[in-house]
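Listed below are the residues making up each chain.
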Amino acid sequence: MDFDGLSVDQAPPISAPLRFFLTAPLFAILAGILILFSDAVTLSSRYSVETIVITHAITIGFLGFVMLGALVQMLPVLAGVRIAKVGIVSKISYVFLLFGTLFMIFGLWFDISKITLLASFFLLCGFLILIISMLLAFRGVVHVTASIRAMITGLFFALIITLMGAHLLASYGVGKFSALHHVFANVHSVWAIFGFAGILIIGVAFHILPMFYVAPRFKRFCKKSVVMLITTGLILWLFLNLFFDFYSTIAKIWIALFFWAFATTVYLKLNARRRKVSDVTVWYWRSAAIFMTLGTFAWSINDFLDEKYIVIVSILIGGGFIFSIMSGMLYKIVPFLVWFHLNAKGYMSIPTMNDMIDKRLSKSQFILFILSLIGFILSFFIPSLLSVFAITFILSMAVLEYNIVSAVLIYYKTLKRKPDFDMSMFTMKAEN
Amino acid sequence: MSSIKEFLAEDHGRCDELFANMEDAVANSIESAKDAYEEFAKNTEKHFQMEERVMFLEFENKTGMTQGPTAIMRHEHTQMRGLLEEMRKAIEAKDKDKFFGNSETLMILMQQHNMKEEQMLYPMAQQHLSADAERIIDMMNSMVIE
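Residues numbered from 1 in each chain as written. Chains lettered and ligands numbered in written order. Predicted model: local features only at pLDDT ≥ 70, side-chain atom pairs only at ≥ 80, totals over all residues.

Engineer: Tell me what's going on with the interface of chain B and chain A, and back it up with residues and numbers.
Structural biologist: Counting residues at the interface gives 30 residues for chain B and 30 residues for chain A. Secondary-structure elements contributing two or more residues to the side of chain B that touches chain A are α1 (4–28), α3 (69–92) and α4 (96–129) of chain B. Tallied by class, residues from the side of chain B that touches chain A come to 12 nonpolar, 10 polar and eight charged. (Contact = placed C-beta atoms within 7 Å. Helix = DSSP H or I, 4+ residues; strand = E, 2+ residues; numbered from the N terminus. Nonpolar A, V, L, I, M, F, W, Y, C, P; charged D, E, K, R; others polar.)

So this is what it looks like as structure tokens:
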């Protein structure tokens, strides 16, 4: 039996998740700059190159990096398993993903086919290395819970969307597009949002909300069936989309219904939480629930409006739901990792988690972010507003980066200064 | 009769409730929060000792693993006791910021500790100690905190 997941020393090195977390807001800043140099009319079309580039600077560069960093860190805790050679695996995949995402952005934006092809290869390698390593790690699970089932399902979706994404990107590289290109792109995006990110978030929420906020537990039916019902919906949608497109709205409504139910449940559980303390992470969960409710509604009716509003749907779900939750998570996980790793090294005089990030700055960051989201939606109708909200978005991401960096600096400064020389250090060493 | 796994996991839930009560009490008035803190600290300490002085020992005797998961869990108990002590000092100093800074850290540490126990250690303990479950639970129930 493998006990590595239980060990402090065997937990992933702090650098493994941190390098993903520190890079993520930088990609979001880059996305903001690209929005600043684009016009709202071009971005209203989902298949314009600008839209594709900006979307992926956010979905891979921000959301993907945060999700993968968090998975690397949480696997030992949530599932009791550990990725083999986690240090090196995360380092290699990080390099592939970093250059893959940069090459994708620059290759597509400046239409340089060789760079785009290279991006496709790098992203394929980066994602596959991590996803397969994680799926292999799951073989060692002793006690399969609803969260673990959701994580495995999410990773299978991730595997498929990676393969599809690499194919789609390579098509831009060689300049040849199959007849099914748009169908593929559609499946890729829907499965990425609902199959990978959506299911992963649901799975983690089963644990996180009752535990960190002492909220009521999710109902057994919910934990047992929701992921399966959504997966069924996503497969049904694929089938209808390919063969009976006219009816695919039915599957969409099916999927939207469960995500709407999830969003409502999250909101109600937060209301009923026993831990009344409220911080930026709670606000982010709440905003995520509200945006997801609007997003599922907009997605369902979008079909009846000739798919005119798909960009708004993407802002509501990708930005309002997934982005919100990832940002909130960063505020919890980064200060904790800093405290945990310093404490495990024997340092006792460490700032508390709440002292690591300035509360006023995290509040400003949250407000700027929500303002930007609302602004992006308004810009769809009033294009001249776009540049203003691109700037508020860049600002919110710069503050987010600053907030994370301040926590991380505490870690490295403490290691450098070695402030402690108290007896507890010796106690810890004796125990080890 | 509940299993060792259920018995200890339910106790985690009870400690979470007391934790929330304590935070409520401090948020309302840190001057009068001492009782709620003591209630939480006492129950948490009891939980630690039920494991350290009964269940972990039984597990170690049965499996021969003294440097395995139980050693790591003992180490995390030490970390949590340190935070509990800081929270006590914060209440005495009537320093709400310091209290909530430490309680937030304790909450996450405690929850990831509980997840590891419920996910790995308790199922293993259940597997190895099921024949003696009733006796072990009785011992844990009747234990006096040192």
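Engineer: How would you explain the environment of Glu117(B) if you had to name every residue and give the values?
Structural biologist: All names here are of chain B. One can find Glu117 in helix α4. Among the residues examined, Glu117 registers 23 C-beta atoms within 10 Å and is labelled buried. When the C-alpha atoms of Glu117 and Met73 are compared, they prove to be 8.0 Å apart, with 44 residues separating the residues in sequence. Apart from the residues lying within four places of it in its own chain, the contact partners of Glu117 are Met73 and Tyr122. (Buried ≥ 20, exposed ≤ 12 C-beta atoms within 10 Å, placed from the backbone.)

Engineer: Tell me about the packing of helix α7 (residues 181–212) of chain A against helix α11 (residues 310–344) of chain A, and name the residues and values.
Structural biologist: All names here are of chain A. For the pair α7 and α11, interaxial distance at closest approach is 10 Å and the crossing angle is 35 degrees. Like other packed secondary-structure pairs, α7 and α11 cross with a definite hand, here left-handed. In this structure, α7 uses Ile193, Ala197 and Ile201 to contact α11, whose residues at the interface are Ile317, Gly318, Ile322 and Ile325. In terms of residue class, the contact of α7 with α11 is built from six nonpolar, one polar and no charged. (Axes fitted to C-alpha atoms, helices over the stretch in contact; angles between N-to-C directions. Left-handed = near helix turned anticlockwise from the far one by under 90°.)

Engineer: Which residues make up the nonpolar core, and what values do they have?
Structural biologist: Among the nonpolar cores identified, the biggest contains 172 residues, and Val66(A) and Leu75(A) are the most heavily contacted of them. At 22 residues, α11(A) tops the list of elements feeding residues into this core. Once residues within four sequence positions are removed from consideration, Val66(A) is found in contact with Phe20(A), Phe21(A), Ala24(A), Met326(A), Met329(A) and Leu330(A). Within the second largest apolar cluster, 18 residues are counted, among which are Phe56(B), Met120(B), Leu121(B) and Met124(B). (Core = buried A, V, L, I, M, F, W, Y, C linked by C-beta atoms within 7 Å.)

Engineer: Which residues make up α11(A), and what are the values?
Structural biologist: Because the α-helix completes a turn every 3.6 residues, residues three or four places apart line up on one side. Residues and elements named next belong to chain A. For α11, built from 35 residues, the straight-helix expectation of 51 Å at 1.5 Å per residue is met to within 8% by its first-to-last C-alpha distance of 48 Å. At Phe323, α11 shows its largest bend, some 35 degrees. In terms of burial, α11 is largely enclosed, as 32 of its 35 residues are buried. Positive backbone phi, at 100 degrees, marks Gly346, one or two positions downstream of α11. (Expected span 1.5 Å × (residues − 1). Bend = angle between axes of the 7 residues up to and from the residue.)

Engineer: Account for the packing of helix α1 (residues 15–36) of chain A against helix α4 (residues 86–109) of chain A, naming residues and giving values.
Structural biologist: Residue and element names in this part refer to chain A. In the contact formed by α1 and α4, the axes pass within 10 Å of each other and the chain directions differ by 10 degrees. Put simply, α1 runs roughly parallel to α4. Residues Ala16, Arg19, Phe20, Thr23, Phe27 and Leu30 of α1 lie in contact with α4, whose contacting residues are Val86, Gly87, Ser90, Tyr94, Leu98, Thr101 and Ile105. Grouping the amino acids of the contact of α1 with α4 by side-chain chemistry returns eight nonpolar, four polar and one charged. (Parallel < 35°, antiparallel > 145°, perpendicular 65-115°, else oblique.)

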